[in-house]
Amino acid sequence: MQLFHIAIDGPAGSGKSSISKELANQLNCVHIDTGAMYRAVTAIALRNQTPLDDVKTYQFLESSIFEYQKESIYVNGENLTDMIRDKTINQHVSLVSSIEYVRKKLVDVQQIIAEKYDVVMDGRDIGSVVLPQAQVKIFLTAEIEERAKRRIHEMGLDIPLKQMIDDIANRDLKDSTRMISPLTKASDAIVIDTTYLTKEQVIQAILIEIDKRKRQHAKH
Ligand code: CDP
């Protein structure tokens, strides 16, 4: 039977990860948070104290095994989940993810997983590069102030809203202007503005799209 792939892209804090997680639960398929992979690579490079702009820094990817278990990310058996949401990672991850070699390695891992499972995969280039044949492509957006508020709430932070808005805007700019696989809406993606929607309403809207696609498919 053909595998079913759902691609969810969007800028920082648009709700991709929490919505994808819930959706994958409801659909009983695998959730792949690709941002967590770029964050894990950044955490390892920073820990190794090697220059982030030198491709040699990422040689460890030649023999790295990525695994997801219950929303935790493991690299070579080490659970990096707690490390990857740190502020320093936010500051450096866009640079790391702009390196061609890193993207190639991680996209390979993501595509290999998708060859085996039904997936809900979230990131920046899923509908455009990683899973261009995905049956359903969603592009989530929200006004930046709302995204910053959600992120502060989610992380339980005590920082000024303006600081979070600047952090997110900075990352969005870098992610959408990089040369390789920038943050982009695939031409056949459905845009959902989540600013005034609850998580449940967004999930409902996506489930309706999935249903539509499945019925279209059954007809052909
Ligand atoms: O959760 P948040 O929206 O803050 O970001 P994330 O999904 O955890 O992704 C962290 C960073 O990884 C992004 O800012 C991008 O630089 C990079 N990324 C990417 O380049 N391509 C992806 N498919 C996913 C993430």
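Scroll up to find the structure.
Residues numbered from 1 in each chain as written. Predicted model: local features only at pLDDT ≥ 70, side-chain atom pairs only at ≥ 80, totals over all residues. Heavy atoms only, no water.

### Focus on the site of the ligand
Thought 1: The environment of the ligand is made up of 19 residues, and the closest members are Arg 39, Asp 125, Arg 151, Arg 171 and Asp 175.
Thought 2: Thr 34 has a polar side-chain atom sitting 3.0 Å from a nitrogen atom of the ligand.
Thought 3: One nitrogen or oxygen atom from the side chain of Arg 178 is found 2.9 Å from an oxygen atom belonging to the ligand.
Thought 4: Secondary structure elements with two or more residues in the shell around the ligand: helix H2 (34-48), helix H3 (87-96) and helix H7 (161-177).
Thought 5: The element contributing the most residues to the shell around the ligand is H2, with 4 residues.
Thought 6: Of the residues contributing to the shell around the ligand, the split by class is 3 nonpolar, 6 polar and 10 charged. (Near = heavy atom within 4 Å. Polar contact = N/O pair within 3.5 Å; in protein donor to acceptor, adjacent residues only side chain to side chain. Helix = DSSP H or I, 4+ residues; strand = E, 2+ residues; numbered from the N terminus. Nonpolar A, V, L, I, M, F, W, Y, C, P; charged D, E, K, R; others polar.)

### Observations regarding the sheet that holds strand E2 (residues 30-33)
Thought 1: Strand order in the open sheet formed by 5 strands is E2-E6-E1-E7-E8, with parallel pairing between adjacent strands. The strands lining the two open edges of the sheet, one partner per strand, are E2 and strand E8 (190-193). Across the sheet, the mean angle separating the axes of adjacent strands is 20° when strand polarity is ignored.
Thought 2: Running at roughly 180° to strand E6 (residues 119-123), helix H1 (residues 16-27) makes contact with strand E1 (5-9), E2, E6 and strand E7 (136-141) of the sheet. (Pairing = 2+ DSSP bridges. Axes fitted to C-alpha atoms, helices over the stretch in contact; angles between N-to-C directions. Contact = heavy atoms within 4.5 Å.)

### Quick word on the sheet that holds strand E3 (residues 66-69)
Thought 1: On the basis of which strands lie adjacent, the open sheet formed by 3 strands has the order E3-E4-E5 and antiparallel pairing. At either end of the open sheet lies a strand with only one pairing partner, and these are E3 and strand E5 (78-79).
Thought 2: The strands touched by H2 within the sheet are E3, strand E4 (72-75) and E5, with E4 carrying the most contacts at an inclination of about 45°.

### Things to note about the packing of aromatic side chains
Aromatic rings considered in pairs are described by the distance between their centres and by the relative angle of their planes.
Thought 1: Scanning the model with the defined rule gives 1 aromatic pair in all.
Thought 2: With centroids separated by 6.4 Å and ring planes inclined at 50°, the aromatic side chains of Tyr 58 and Phe 60 adopt a geometry described as tilted.
Thought 3: Above the face of the Phe 4 ring, Lys 214 is positioned so that its terminal group lies 4.7 Å from the ring centre. (Phe/Tyr/Trp six-rings, centres within 6.5 Å; stacked < 30°, edge-to-face > 60°. Lys NZ or Arg CZ within 6 Å of the ring centre and 35° of its normal.)

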